[in-house]
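# Chains, contacts and geometry: an overview
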Amino acid sequence: MSGEIIKHPGLNLGAAHGPDHDAAEPMIFGFWLFLMSDAILFGMVFATYVSSLSATAGGPGPRALYDIRSVFIETLFLLASSFTFGMASLALKYRHGAPRLIAWLAVTLLLGTGFLGLESHDFITMFANGGAPGRSGFLSAFFDLVPLHGLHVMGGCIWLISLVGQIARYGIDRQVKLGIMRLALFWHFLDIVWIAIFSVVYLGGLT
Amino acid sequence: MMSASEEERKDFHSYLWGIALALPLTLVPFAVVHWGGGSRLTLLLVIGAFALVQMIIHFRFFLHISFSDRREDLQLILFSTLVLIIMIGGTVWIMGSLMLRMAMPASP
């Protein structure tokens, strides 16, 4: 992809960043290991959900509870936020300056919180339609899986805000660079988990 | 070694390709489910195939994983995928079989 040797997943800073680029390799590799173990966690919760599909105990099922329009908009929000975070990574790598970096991060945060807002609205609607976690095994499994992803996104948003605070306080130093690169991996990873959620849970449930 | 501006354009194009390919891969399964058509099995196969391709697109263009460089990252993904397939497949198989034997519907 570039003339330089790729040291780790995600956008590499490149030799122009000197020792920061070298420091990134073990740090990002460790974070990548965490992401893979997080993927296993999600996978097991997916298995629980699929195993509980028929355990509706006479309560409302997917058709009565899911809203495809809302999920579609949430999907577009997350996809767009993956792209805007990519733009933030480019602003970091090619030194476009702190204002542009913060602007792209802010757009990403806006899309992330928009996603969370829509998702909580979905959950509230589900509750109103009798879809509370305690109603059936199916709903327990649903509220184990989908809000787990939502909590990850919320964690990402808090992490993003704290990184913007670090940029304001310390400037774009090595810690900030490595933080943004790890959050970028986390953010893109969560978008991949969401592909599985909208495909298996929502689209699969509505066929 | 290419110049910085050339490299920047290439990196930018990676993200652009990512979203340009991911958008239709998202739109089609949603459209197919929303406007119906085909049997349930066909729909599920279409959704599954599009999801798989979109995941690969995200790995390639957003996470910059490729076959050519830094193979350890790819190996980690492949091994995690293997573990996931064994554990998810095993769980769904065993629990599905259990439900059948308990005289409950295996799937809705």
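Bear in mind that the values here come from a model prediction, so they are computed numbers and not experimental data.

Each helix and strand in chain A was counted, giving 6 helices and 0 strands. For chain A, the sequential pattern of α-helices and β-strands runs α-α-α-α-α-α. Overall size of chain A, expressed as C-alpha extent along the three principal axes, is 60 × 30 × 25 Å. Out of the 207 residues in chain A, the part that is buried amounts to 43%. Pairs at least 24 apart in sequence give 75% of the contacts found in chain A among residues at least 6 apart.

With that settled, consider the interface of chain A and chain B. One widely used convention gives an interface's size as the accessible area the parts lose upon coming together. Taken together, the 44 residues of chain A in the interface contact 49 residues of chain B. Counting residues per element, the ones that place at least two in the side of chain A that touches chain B are α1 (19-51), α3 (68-93) and α6 (174-206) of chain A. Residues of the side of chain A that touches chain B, tallied by class, amount to 28 nonpolar, 14 polar and 2 charged.

Moving on to unusual backbone geometry. Not every positive phi belongs to a glycine, and Arg95 of chain A is a case in point at roughly 50°. For Arg95 of chain A, the location among the structural elements is in the loop between α3 and α4 (98-128). Taking the number of C-beta atoms within 10 Å as the measure of exposure, Arg95 of chain A has 13 and is therefore partly exposed. Unusually for a residue other than glycine, His64 of chain B sits at a positive phi of about 55°. You can see His64 of chain B is positioned in the loop between α2 (40-62) and α3 (71-101).

Take the packing of α1 of chain A against helix α5 (residues 137-170) of chain A next. In a pair of packed helices, the angle between the axes and the distance between the axes together describe the arrangement. All names here are of chain A. Remark: α1 packs on α5, axes separated minimally by 8 Å, with the N-to-C direction vectors making an angle of 150°. As for the relative orientation of α1 and α5, their crossing is left-handed in sense. Contacts between α1 and α5 involve Val45, Phe46, Thr48 and Tyr49 from the first element and Ala141, Phe142, Asp144, Leu145 and Leu148 from the second. In the contact of α1 with α5, the residues fall into 7 nonpolar, 1 polar and 1 charged.

Moving on, we come to the environment of Pro99 of chain A. Residue and element names in this part refer to chain A. Following the sequence through the fold, Pro99 ends up in helix α4. Since 10 C-beta atoms lie within 10 Å of it, Pro99 is described here as exposed. Distance from Pro99 to Phe123, taken between C-alpha atoms, is 36 Å for residues 24 residues apart in sequence.

Further remarks concern the environment of Ser80 of chain B. Positionally, Ser80 of chain B belongs in helix α3. Classification of Ser80 of chain B as partly exposed rests on a count of 18 C-beta atoms within 10 Å. Taking the C-alpha atoms as reference points, Ser80 of chain B and Ala22 of chain B, separated by 58 residues in sequence, lie 23 Å from one another. Setting aside its immediate chain neighbours within four residues, Ser80 of chain B contacts Met36, Ala39 and Ile40 of chain A.

Calculation notes
Residues numbered from 1 in each chain as written. Chains lettered and ligands numbered in written order. Predicted model: local features only at pLDDT ≥ 70, side-chain atom pairs only at ≥ 80, totals over all residues. Helix = DSSP H or I, 4+ residues; strand = E, 2+ residues; numbered from the N terminus. Buried ≥ 20, exposed ≤ 12 C-beta atoms within 10 Å, placed from the backbone. Contact = placed C-beta atoms within 7 Å. Nonpolar A, V, L, I, M, F, W, Y, C, P; charged D, E, K, R; others polar. Axes fitted to C-alpha atoms, helices over the stretch in contact; angles between N-to-C directions. Left-handed = near helix turned anticlockwise from the far one by under 90°.

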